[in-house]
Amino acid sequence: TSAHQQPSSSSSSPPMAAEKEAALAAVASDSPTIFDKIINKQIPANVVYEDDKVLAFRDIAPQAPTHILLIPKVRDGLTGLSKAEERHCEILGHLLYTAKVVAKQEGLEEGYRIVINDGPNGCQSVYHIHVHLLGGRQMNWPPG
Ligand code: TR5
């Protein structure tokens, strides 16, 4: 989709399946991502929560009435969950706890879903770890 600013998604091309786009994104998984520009305020984002370690902002292509991404401000090798090492335990816990705080802030009393896509099969398209917080509608199971 146009939300994913990958080289393959020029406006003249037809929309690409998310799965294919995710596979292409994995090729350059160690490069800076669009999220660095959001952290550095080079491009705007709709920020809903921020502290010294974590930034939370609304997804540009929401898949639910509430769709927020939570990211660490410093990637520190954490391109995805599969790259996690023991030193990342604190930030991983902080991301999850912050997801709960933001869910409450967003009024998601009826529940919500937390998603971390990893790698091509997980449909990951941005290689800076992020937690999706989705809510405001009934989620389905199994997921697609
Ligand atoms: O597919 P994964 O799990 O990697 O999730 C990446 C998410 O980043 C998708 O849900 C995209 O919609 C979202 N995304 C991509 C861009 C973007 C964004 N959310 C907010 N703002 C964004 N900007 C400015 N640019 C993007 N390319």
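Residues numbered from 1 in each chain as written. Predicted model: local features only at pLDDT ≥ 70, side-chain atom pairs only at ≥ 80, totals over all residues.

The name that an unreviewed UniProt entry assigns to the protein is HIT domain-containing protein, with the source organism given as Centaurea solstitialis.

Caption draft 1: View of the overall build of the protein. Helices and strands together make up the secondary structure of the protein, namely three helices and five strands. Counting from the amino terminus, helix and strand elements in the protein follow one another as α-α-β-β-β-α-β-β. Taking all 144 residues of the protein together, the buried fraction comes to 25%. The contacts in the protein between residues at least 6 apart in sequence include a share of 59% that link residues at least 24 apart. (Helix = DSSP H or I, 4+ residues; strand = E, 2+ residues; numbered from the N terminus. Buried ≥ 20, exposed ≤ 12 C-beta atoms within 10 Å, placed from the backbone. Contact = placed C-beta atoms within 7 Å.)

Caption draft 2: Structural detail: the sheet that holds strand β4 (residues 112-115). Read across the open sheet, the five strands follow the order β1-β2-β3-β5-β4; overall the sheet is antiparallel. Pairing within the sheet leaves two strands with one partner each, and these edge strands are β1 (47-50) and β4. Across the sheet, the axes of successive neighbouring strands diverge by a mean angle of 20°, strand direction being ignored. Where β1 and strand β2 (residues 54-58) come together, three bridges link them in antiparallel fashion. Along β2, the bridge assignment pairs V47 with F57. (Pairing = 2+ DSSP bridges. Axes fitted to C-alpha atoms, helices over the stretch in contact; angles between N-to-C directions.)

Caption draft 3: Seen up close, unusual backbone geometry. In this model, W141 is joined to P142 through a cis peptide bond whose omega is 5°. Assignment of secondary structure puts P142 in the segment after β5 (131-135). Even without being glycine, K41 reaches a positive phi, approximately 65°. Its place among the elements puts K41 in the loop between α2 (34-39) and β1.

Caption draft 4: Local environment of the UniProt feature "active site" (unreviewed entry) in the protein. Residues given the UniProt feature "active site" (unreviewed entry) here are H130. Here H130 lies in the loop between β4 and β5. On the neighbour-count criterion, H130 (26 C-beta atoms within 10 Å) is buried. (UniProt positions renumbered as here; feature names shortened; annotations may be inferred.)

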